[in-house]
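# Reading the structure
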Amino acid sequence: MTSTNMIDYPKLFAVRLEYSRALLTLSLQQQELIKEDDYSSLLDVLGKKQRLLGQLDQYTKQLPRLWEQWQQDRDLLPDGQRAACEQILSDSEAVLAQLLKNEDTSTQSMVDRRDRTKQQIQSLNQGAKVGEAYRDSLAPATHRHLNIGQ
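Residue positions within a chain follow its written sequence, with the count starting from 1. Given that this is a predicted model, residues contribute local features only at a pLDDT of at least 70 and side-chain atom pairs are listed and counted only at 80 or more, while totals for whole chains, interfaces and linings are drawn from all residues. Water and hydrogen atoms were dropped before computing side-chain values, which therefore reflect all heavy atoms in the structure.

A run of H or I in DSSP counts as a helix once it spans at least four residues, and a run of E counts as a strand once it spans at least two, with each numbered from the N terminus. The residue Phe 13 is located in helix α2 (residues 9-35) in this model. C-alpha of Phe 13 to C-alpha of Leu 89: the two residues are 76 residues apart in sequence and 6.7 Å apart in space. Here, two residues are considered to be in contact whenever any of their heavy atoms come within 4.5 Å of each other. Discounting chain neighbours no more than four positions away, the residues touching Phe 13 are Leu 66, Trp 67, Trp 70, Cys 85, Ile 88, Leu 89 and Ser 92.

All right, on to unusual backbone geometry then. Positioned with a positive phi, Asp 37 is a non-glycine residue whose angle comes to about 55°. Among the structural elements, Asp 37 can be located in the loop between α2 and α3 (39-62). On the accessibility criterion, Asp 37 (41% relative accessible area) is partly exposed. Buried, partly exposed and exposed residues are distinguished by accessible area as a fraction of the type maximum, computed with a 1.4 Å probe on protein chains only: under 20%, between the cut-offs, and over 50%, respectively.

Turning our attention to the pattern of salt bridges. Salt bridges, as used here, are contacts in which a Lys or Arg side-chain nitrogen is within 4 Å of a carboxyl oxygen on Asp or Glu. Inspection of the entire model under this criterion finds eight salt bridges. In this structure, the salt-bridge partner of Glu 103 is Lys 49, at a minimum N-O distance of 2.6 Å. Note that Glu 103 is positioned in helix α5 (residues 79-145) and Lys 49 in helix α3, a separation of 54 residues in sequence. We note a salt bridge from Asp 79 to Arg 82, for which the minimum N-O separation is 2.5 Å. Note that Asp 79 and Arg 82 are positioned in helix α5 at a spacing of three residues, about one turn of the helix. Judged by relative accessible area, Asp 79 falls into the exposed class, the value being 56%.

As C-alpha cells, this is what we get:
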C-alpha cells in the first residue's frame, strides 16, 4: 500500500480548515469583546482559543511530516482529489490570512487601550500632585484667615 492510499489528504486538510475557521470565529469574537471592554468574556474566548490551538497541535503531531508527504504525493493523486485538496488549502490560506489580520488588529487595539489607560493614570497622578501642591501652598494662608474659634 502506498502512502497515497494511507493518507486521506482531503479529509486531513478539511479538518485543518475547520480548525482555522473556528479560530477565526473566536478571533472575531475576541475583537468585539475588546471593543466592548468585556474582559471577563474575553478571557473565556482566549481560553477557548488556547484549547483549540492545543487540539490542533495534537492533531498536527499525529502526522508530523504531512506537508513533506503531500509534496511527494500530490502529483500521484487523481486530478479530482488533487484539485479538491488544492482548493481546501487555498481556502485555508485565505482563512489564516484573515485570522492573522484580525489578531494583529486585536493586539493593536489592546496596546492602544493599554497606552490610553497608562496616560489617564499618569494624568490622574499628575492632577493629584498638582492638587496636593496647591493645597499645601494655600494651607498656611488659609489657616491664617480662618481662625474661626478665636
